[in-house]
Amino acid sequence: MRATVIHAPHDIRVEEVPDAAIQRPEDAVVRVLRACICGSDLWAYRGEAARQPGQRIGHEFLGIVEETGSAVTDLRAGDLVVAPFMWSDGTCEYCAEGLFTSCEHGGFWGSVGHDGGQGEAVRVPHADGTLVKLPAEAVSDDHLLTGLLALSDVMGTGHHAALGAGVREGSTVAVVGDGAVGLCGVLAAKRLGAERIIALGRHAVRTDIAKLFGATDVVAERGEAAEAAVRELLGGRGAHAVIEAVGTEQSMRTAVNITRDGGAIGYVGVPHGSGTGLDLGVMFDRNITLRGGVAPVRAYIPELLKDVLSGVIDPAPVFDRAVSLDEVPDGYRAMDDRSALKVMIKP
């Protein structure tokens, strides 16, 4: 089969690799219908996250079950399924607590020795605990299928950030980051009943999506100017809930400085220097809570799925470009130079 591999920084290729195949009784093989490129994939692409030459890449996909191992009981060939960005057994102590990302037998797609999501097919370990069935009729609805793909990562991650920030009915929310996760954080905050949502971003195409998703205000400034603008909008007190979806020193510093005393920050931006933006003395004095981390997306898919199917939320607009498998290297370049927000792959 063909799949995306990374050989070195800025060297993404689509190559022939061994076919995805059942290796253990708990496995399933999924033929990929839709996959995508994540902002976190760019850290490997830019050489800021280590990868072995020839390692698979990609962790967001949905598709059709082609084959199941002898121990798989909840799935059968022909099922349409979505995969969260990590696999999990669904039975360990952490899974029972809803923390699927800490599963004792879990792992990441594209890790050494495992298939990545950006290919024609994927071997799924612990298929019963990992995959979530989707309505079969969604196969013929391209827009719905696109929205369902967001459940594999960005919609669940935005939701995790909103929960970490304590978004509730009537709260004021500020979202730092105008990437796909930040935009899904806006959508999640709206879904949870936020009254006012301030999106921080300076790219009109992205902030237009933020408005579509429920943002009531947009702040285009950065750094101290952004902090001053948010505080001016909120009477000088800051936001009850702040979503941090970038992971840099500057983004974390901004998040702390626009949080209302007694408020909370939900952080889901993959950290790359963000710790230096934290001043625990300031957070202590102002009673600011910091909560977040790797989103246990598998825990959130069932409830979010219901709202996507009913039309309550529609995360599909975060995908602004579609490519074939052969065009995946072009997709990486487009996201790296910010000419694309989030690239969908149609193998």
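Residues numbered from 1 in each chain as written. Predicted model: local features only at pLDDT ≥ 70, side-chain atom pairs only at ≥ 80, totals over all residues. Heavy atoms only, no water.

A. A look at the packing of helix α4 (residues 142–149) against helix α11 (residues 297–310). Taken N-terminus to C-terminus, the directions of α4 and α11 make an angle of 160 degrees; their axes are 10 Å apart at the nearest point. Taken together, the axis directions place α4 and α11 in an arrangement best described as roughly antiparallel. Seen from above, α4 lies across α11 with right-handed handedness. Two secondary-structure elements touch here, α4 through Leu 144, Gly 147 and Leu 148 and α11 through Leu 305, Val 308 and Leu 309. Each residue belonging to the contact of α4 with α11 can be placed in one class, and the counts come to five nonpolar, one polar and no charged. (Axes fitted to C-alpha atoms, helices over the stretch in contact; angles between N-to-C directions. Helix = DSSP H or I, 4+ residues; strand = E, 2+ residues; numbered from the N terminus. Parallel < 35°, antiparallel > 145°, perpendicular 65-115°, else oblique. Left-handed = near helix turned anticlockwise from the far one by under 90°. Contact = heavy atoms within 4.5 Å. Nonpolar A, V, L, I, M, F, W, Y, C, P; charged D, E, K, R; others polar.)

B. Quick peek at the sheet that holds strand β4 (residues 55–56). Strand order across the open sheet formed by three strands is β2-β1-β4, with antiparallel pairing between neighbours. Bordering the open sheet on either side are β2 (11–16) and β4, each of which pairs with just one other strand. Strands β1 (2–8) and β2 of the sheet are contacted by helix α12 (residues 328–336), whose axis makes an angle of about 160 degrees with β2. (Pairing = 2+ DSSP bridges.)

C. Here's a closer look at the pairing of strand β18 (residues 343–346). Pairing of strand β3 (residues 28–36) with β18 involves two bridges; the strand directions are antiparallel. Within the sheet, the bridge partner assigned to Cys 36 lies in β18 and is Met 344. Judged from the four bridges that link them, strand β17 (residues 321–324) and β18 form a sheet pairing that is parallel. Paired with Arg 321 across the bridge in β18 is Val 343.

D. Region of interest: the side chain of Arg 206. Checked against the element boundaries, Arg 206 lands in helix α7 (residues 204–213). Owing to a relative accessible area of 8%, Arg 206 belongs among the buried residues under this scheme. Setting aside its immediate chain neighbours within four residues, Arg 206 contacts Asp 178, Gly 179, Leu 183, Arg 338, Ala 340 and Leu 341. (Buried < 20%, exposed > 50% of the residue type's maximum accessible area, 1.4 Å probe, protein only.)

E. Examining the sheet that holds strand β11 (residues 172–176) more closely. Spatially, the six strands line up as an open sheet ordered β13-β12-β11-β14-β15-β16, and their pairing is parallel. Unpaired on one side and paired on the other, β13 (217–219) and β16 (289–292) mark the two borders of the sheet. Direction aside, the axes of adjacent strands within the sheet are offset by 20 degrees on average. Across three bridges, strand β12 (residues 196–200) lies against β13 in parallel orientation. Opposite Ile 198, over in β13, you have Asp 217 as the bridge partner. Across the face of the sheet, helix α9 (residues 249–257) comes into contact with β11, β12, β14 (239–244), β15 (259–267) and β16 while running at roughly 145 degrees to β15.

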